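Single-letter residue listing:
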Amino acid sequence: MPLNPHHRSCDCVKRSGEPKRTYVTQAEAEATIEYIRSRRGVALRAYYCEVARGWHLTSDVARFGYGGTSQRRSGW
Ligand SMILES: [Zn+2]
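Residues numbered from 1 in each chain as written. Predicted model: local features only at pLDDT ≥ 70, side-chain atom pairs only at ≥ 80, totals over all residues.

### Quick word on the overall build of the protein
What counts, and what does not: Secondary structure is summarised from DSSP: a helix means a run of H or I of at least four residues, a strand means a run of E of at least two, and numbering begins at the N terminus for each. In this description, a residue-residue contact is defined by the distance between C-beta atoms placed from the backbone, which must lie within 7 Å.
Scanning the protein from N- to C-terminus turns up 2 helices and 2 strands. Along the protein, from the amino end to the carboxyl end, the secondary structure elements read α-β-β-α. Contacts spanning at least 24 positions in sequence make up 49% of the contacts within the protein whose residues lie at least 6 apart.

Structure follows, in structure tokens:
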């Protein structure tokens, strides 16, 4: 059941072992972050997956650092 037929699949999984959802754009990922924050009060962050060529969400702030929801990428 390909969720993102236009993107490559990757091995990123949640702690539960489920495959992570891949968001096509950073904007889509961050919109979802805002939704989850408003609904559940959980702060997530988006990071770019080079394998899937898309964006994942993570709550693992300790691992990735807590510097906002987006990576510093010039030209985006
Ligand atoms: Zn990935």
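### Notes on the nonpolar core
Where a protein is soluble and globular, its nonpolar side chains tend to be buried together. Let me state the cut-off plainly: Under the definition applied here, buried Ala, Val, Leu, Ile, Met, Phe, Trp, Tyr and Cys residues are grouped into a nonpolar core through C-beta atoms within 7 Å. Residue burial here comes from a neighbour count, namely the number of other C-beta atoms, placed from the backbone, that lie within 10 Å of the residue's own C-beta, with 20 or more meaning buried, 12 or fewer meaning exposed, and in between meaning partly exposed.
If you look at the biggest cluster of nonpolar residues, it comprises 7 residues: Tyr23, Ala29, Ile33, Leu44, Ala46, Trp55 and Leu57. Where this core is concerned, the elements lending two or more residues are α1 (26-40) and β2 (54-58). Residues contacting Leu44, with those up to four places away along its chain left out, are Ile33, Ile36, Leu57, Thr58 and Ser59.

### Side note on unusual backbone geometry
Positive phi outside glycine occurs at Arg53, with the angle close to 55 degrees. You can see Arg53 is positioned in the loop between β1 (45-49) and β2. Look at Arg53 and you get partly exposed, because 14 C-beta atoms sit within 10 Å.

### What about the pairing of β2?
Rules: Between any two strands, pairing holds if DSSP finds at least two bridges.
For β2, the tally of buried residues reaches 4 of 5 residues, placing the bulk of the element in the interior. With 5 bridges connecting them, β1 and β2 associate as antiparallel partners. Among the inter-strand pairings, Arg45 is bridged to a residue of β2, identified as Thr58. Counting the residues between successive antiparallel strands, the hairpin from β1 to β2 contains 4 residues, one of them, Arg53, with a positive phi of roughly 55 degrees.

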